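Each chain, letter by letter, is given below.
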Amino acid sequence: MPELPEVETIKNELLPHVVGRHITGITLFWEGIVRQPAVQEFRSRLTGQEITGIARRGKYLIFSLSSDDLWITHLRMTGALIIGQNSAEPPRFTRAIIHLDNDTGIFFRDPRKFGVMWLAKDTNSIDSKLGPEPLEAAFTPQVLAERLARRTAPIKALLLDQKLIAGVGNMYADEALFAAKINPWRPGGSLSQEEVERLHRAIQRILWAAIGNKGASVDTYFRPDGTEGTAHFEFKVAHGLGGKSCPVCGTTIERTVVRNRGTYFCPRCQPEL
Ligand SMILES: [Zn+2]
């Protein structure tokens, strides 16, 4: 599933291709990808608009337009936005093409069809569901400590809660907890100040490194040019390393399930207290 580093990479790499371009039409191979308004209105409100910018909030991509609409996408489990020639054969699982005025298009590829896009006048509906952005200056160790205080849920589940902190998903939560040497089952409110500071540092370092590596292509994530990111080559525990050895101490990495999410950790480096 694309997380903050993957969505940030898509934003960064789409920008030079799409900003200043006009949308000349929409091809929908699966209409369920449009959440609102109705398909016909979605098409008519987008067509003719110039894309003036792209922002990311959590795992959402927000395209600003020359009209007062925002075109918002969420890639969910398996979505990708690929830049291609309008005349090219669409990649397999393409659900929609946003055609641009230089004979290119944004191909919304999504094998599992959970991805969505819609139009909105503002980002209020998103902002109300999201906590702070972990890479912004306002996200300090104190902010993280306040948000974890008195929480009894496992820290792994809290890191996945988009209302607590935006953009972190299963892979980077496991990596951050490993780097901070914190057991995924620890209640959020039980972390010491030093542990919160370690976790804060780990979250930022791991997300920045993954952005530098253009995201993790463990599944169906591709960069807009269709190539893969390399962040997964640096994963220490995340995503399927069960049965492998901890790179720090050599202990076998264990898999557990926290609130329905497969979770990988080193039982020696991340002991239960
Ligand atoms: Zn270890």
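Summarised in this report is the structure supplied together with it. The shown structure was predicted, so the numbers you read here are calculated from the model rather than taken from an experiment.

## Some points on the pattern of salt bridges
Taken as a whole, this structure holds 14 salt bridges when the rule is applied. Between D101 and R21 there is a salt bridge, and its shortest N-O distance comes to 2.6 Å. Residue D101 is located in the loop between β7 (94-100) and β8 (104-109), and its partner R21 is located in the loop between α1 (4-18) and β1 (23-28); the two are separated by 80 residues in the primary sequence. With a relative accessible area of 27%, R21 lands in the partly exposed category. Here R57 and E133 are joined by a salt bridge, their closest N and O atoms 2.9 Å apart. Here E133 lies in the loop between α3 (124-127) and α4 (141-148) and R57 lies in strand β3 (residues 51-57), a separation of 76 residues in the sequence. The burial state of R57 is the same as that of E133; both residues are buried. Ionic contacts of the salt-bridge type, sharing partners, join the residues E8, K11, R56, R57, D127 and E133 into one network.

## Some words on the coordination of the zinc ion
Around the zinc ion, the protein contributes the donor atoms C246 (SG), C249 (SG), C266 (SG) and C269 (SG), which lie 2.2 to 2.4 Å from the metal centre. Coordination at the zinc ion is tetrahedral, judged from the four donor atoms that bind it and the angles of 100 to 113° they form at the metal. Mapped onto the polypeptide sequence, the residues donating to the zinc ion form the spacing pattern C-x2-C-x16-C-x2-C. Of the two residues, C249 sits in the loop between α7 (193-212) and β10 (254-258) while C269 sits in the segment after β11 (261-265), which places them 20 residues apart along the sequence. Relative accessible area serves as the criterion here: at 10%, C269 is assigned to the buried category.

## Some thoughts on unusual backbone geometry
Along the chain, Q36 connects to P37 via a cis peptide bond; the corresponding omega equals -10°. If you trace the backbone, P37 turns up in the loop between β2 (34-36) and α2 (39-46). Of note in this structure, R76 is not a glycine but carries a positive phi near 50°. The residue R76 is located in the loop between β5 (70-74) and β6 (80-85) in this model. Look at R76 and you get partly exposed, because its relative accessible area is 30%. The phi dihedral of K113 falls on the positive side, at around 60°, and the residue is not glycine. Within the secondary structure layout, K113 lies in the loop between β8 and β9 (116-120).

The rules behind the values
Residues numbered from 1 in each chain as written. Predicted model: local features only at pLDDT ≥ 70, side-chain atom pairs only at ≥ 80, totals over all residues. Heavy atoms only, no water. Salt bridge = Lys/Arg side-chain N within 4 Å of Asp/Glu carboxyl O. Helix = DSSP H or I, 4+ residues; strand = E, 2+ residues; numbered from the N terminus. Buried < 20%, exposed > 50% of the residue type's maximum accessible area, 1.4 Å probe, protein only. Donors = N, O, S within 2.8 Å, 3.2 Å for Na, K, Ca; no water. Tetrahedral: all angles 85-135°; square planar, octahedral: opposite > 155°, others 65-115°.

Any link to function would need more than the numbers given here.
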